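As a plain string of letters, each chain reads:
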Amino acid sequence: LITKMANNERSFIMIKPDGVHRGLVGKIIQRFEERGYKLVALKQITASKAHLEEHYVDLKDKPFFPSLISYMVSGPVVAMVWQGLDIVKQGRAMLGATNPLASAPGSIRGDFSIQTGRNICHGSDSVDSANREIAHWFKTEEINDYKSALIDSWV
Ligand code: RTP
């Protein structure tokens, strides 16, 4: 048996204001920890409008953009970087589909949300987006490179 070694892929995962207000931070972090991913950066931040507009720049022409930004500035978010094998793709699967009507039960959105405009969490959709988003939310020195005896040896 050849074990595929855990790699150093990283994703930017964010708990949106509704997730924070509803007290779901611990549950969401727990899912990523239990799955076998390594938390390498974490902060709670009340982001500015300009910061969020830049984060969602690809959506700036969408009709829902203004309401998306006002939702995202309505309270603090929890910004995180998670690391591990296939974290970008797996993170999206763990979050569930954007519209909770289509999110599978067992996913975060599928278990905790019912509408697109209040869908609790964000996850990078590609490795390129992850790199862009991580650089947008974190300084290099806020990201921690460390070896986890448990994760790096056994997951
Ligand atoms: P996210 O970036 O937040 O992880 O979401 P996503 O990739 O699954 O979906 P995306 O299309 O990038 O949309 C970003 C966020 O905008 C809100 N949204 N509202 N029709 C609507 O009202 C609508 N569509 C999208 C959601 O909060 C979505 O997560």
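Calculation rules
- Residues numbered from 1 in each chain as written.
- Predicted model: local features only at pLDDT ≥ 70, side-chain atom pairs only at ≥ 80, totals over all residues.
- Heavy atoms only, no water.
- UniProt positions renumbered as here; feature names shortened; annotations may be inferred.
- Helix = DSSP H or I, 4+ residues; strand = E, 2+ residues; numbered from the N terminus.
- Contact = heavy atoms within 4.5 Å.
- Buried < 20%, exposed > 50% of the residue type's maximum accessible area, 1.4 Å probe, protein only.
- Arc of directions from axis to C-beta.
- Pairing = 2+ DSSP bridges.

1. Points about the UniProt feature "binding site: ATP" (unreviewed entry) in the protein chain
If you check UniProt for "binding site: ATP" (unreviewed entry), the listed places come out as Lys16, Phe64, Arg92, Thr98, Arg109 and Asn119 in our numbering. Note that Lys16 resides in the loop between β1 (10-15) and α1 (17-21). The contact partners of Lys16, leaving out residues within four places of it in the chain, are Tyr56, Tyr71, Met72, Pro76, Val77, Arg109, Asn119, Ile120, Cys121 and His122. Of note, Asn119 is situated in the loop between α6 (108-112) and β4 (121-123). The buried category is assigned to Asn119, whose relative accessible area is 2%. Those residues in contact with Asn119, other than ones at most four positions away along the chain, are Lys16, Asp18, Tyr71, Thr98, Pro100, Arg109 and Ser113.

2. Thoughts on the UniProt feature "active site" (unreviewed entry) in the protein chain
Under the present numbering, the feature "active site" (unreviewed entry) in UniProt falls on His122. Its location among the elements puts His122 in strand β4. Note on His122: relative accessible area 9%, which makes it buried. Discounting residues that sit within four places of it in the chain, His122 has contacts with Phe12, Ile13, Met14, Lys16, His55, Tyr56, Leu95, Arg109 and Glu133.

3. So, helix α4 (residues 65-72)
What α4 keeps buried is the set Phe65, Leu68, Ile69, Tyr71 and Met72. Seen from one end, α4 has its buried residues packed into an arc of 160 degrees, which puts them on one side. Considering only its buried residues, α4 is in contact with β1, α1, α3 (49-55) and β3 (77-83).

4. Section: the pairing of β3
In terms of burial, β3 is a largely internal element, 7 of the 7 residues being buried. Residues Val77, Ala79, Val81 and Gln83 line one face of β3 and the alternating positions Val78, Met80 and Trp82 line the opposite face, and both faces are buried. With 7 bridges connecting them, strand β2 (residues 38-45) and β3 associate as antiparallel partners. Bridged to Leu39 within β3 is Trp82.

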